[in-house]
Amino acid sequence: METIYFKGAPCHTYGTVPAVGEKAPCFNLVNMALKEISCLDFRGKNVVLNVFPSLDTPVCAASVRRFNQEAAGLENTVVICVSMDLPFAASRFCTAEGIENLEVASAFRSPLFSQKYGLQIVDGPLAGLLARAVIILNGEGKVEYVDLVSEITDEPDYKSAIDFMKKK
C-alpha cells in the first residue's frame, strides 16, 4: 500500500508501485478507438506511462499537454497517458487539444493494471481512480524510473522524467 495525499488528506493505494530494476507487470489498456493495447505492442521501445486520475482536471490535462510537447519526440519512445476516463472522453479531449504525439489509454476494463502497478486509489474522495505517477520502462519492460506524486493535486516532475529519457 502506498500513501498519497489529496489536498493534504491521506489516501491509500492497492499494492505498491513496481520498484526501479523490477520487471514491470504487463498491461492491457483500451485506446481511443476502443482497441486493446498491450505491453507486448511496445516491445523494444522505451515506454513512459503518464498515469493520472482524470483528463477532466486541470493538472491531469496539463500533464498530457506537456508530455505531448516534450517527451513524444524522443527517439524509440512511446508515451502512454493512462487514466480511468472512458475512451470517448479521451478522444474528445485529444481532438479539442490537438494531442497527436502520444497514446491515450483507459484502464476502465483493466482493474489488474491499477492493482499490479499499485496505483488504484482505495479510499478518500478519488477512490476507484488512479494515483498520479510517471513510470518509465526500458525496451525489455524493466522499470527504470518512478515518480509517484505524493500530492495528487501537484504535477509530476516533468523535467526529471524528460531529462532521464534524453540521457538514454
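Up top is the structure these notes are about.
Every chain is numbered on its own, with residues counted from 1 as its sequence reads. Given that this is a predicted model, residues contribute local features only at a pLDDT of at least 70 and side-chain atom pairs are listed and counted only at 80 or more, while totals for whole chains, interfaces and linings are drawn from all residues. Side-chain metrics rest on all non-hydrogen atoms present in the structure, leaving aside hydrogens and water.

1. Let's talk about the overall build of the chain
And step 1. The numbering of helices and of strands both runs from the N terminus, where a helix is a DSSP run of H or I of at least 4 residues and a strand a run of E of at least 2. Broken down by element type, the chain carries 4 helices and 9 strands.
And step 2. Written out in order from the N terminus, the α and β elements of the chain read β-β-β-β-β-α-β-α-β-α-β-β-α.
And step 3. Radius of gyration: C-alpha atoms only; globule rule: 2.2 Å multiplied by the number of residues to the exponent 0.38. For 168 residues, the compact-globule estimate of 2.2 N^0.38 gives 15 Å, and the chain sits close to it at 14 Å.
And step 4. When the backbone C-alpha atoms are referred to their principal axes, the chain occupies close to 40 × 35 × 30 Å.
And step 5. Of the roughly 7,900 Å² of accessible surface on the chain, 51% is carried by carbon and sulfur atoms.
And step 6. Only four residue types enter the tally: Lys and Arg on the positive side, Asp and Glu on the negative side, with His and both chain ends excluded. For this purpose, a charge sits on NZ of Lys, CZ of Arg, CG of Asp or CD of Glu. Side-chain charges of the chain comprise 16 positive and 20 negative groups, with the mean position of each set lying 4 Å from the other. To measure how exposed things are, a 1.4 Å probe is used in the Shrake-Rupley method; for residues, cover is taken only from the protein chains shown.

2. Section: the packing of aromatic side chains
And step 1. Ring geometry is summarised as follows: Phe, Tyr and Trp rings, the Trp one being its six-membered ring, pair when their centres sit within 6.5 Å, and such pairs are stacked at plane angles under 30 degrees, edge-to-face over 60 and tilted between the two. In the structure shown here, the tally under the stated rule is 5 aromatic pairs.
And step 2. Arranged with centres 6.4 Å apart and planes meeting at 90°, the rings of F27 and F113 form a pair that is edge-to-face. Of the two residues, F27 is situated in the loop between β2 (9-12) and β3 (28-31) and F113 in helix α3 (residues 111-116); the sequence distance between them amounts to 86 residues.
And step 3. The buried category is assigned to F27, whose relative accessible area is 2%. Buried residues are those whose accessible area, probed at 1.4 Å on protein chains only, stays under 20% of the maximum for their type, while exposed residues exceed 50% and partly exposed ones sit between those limits.

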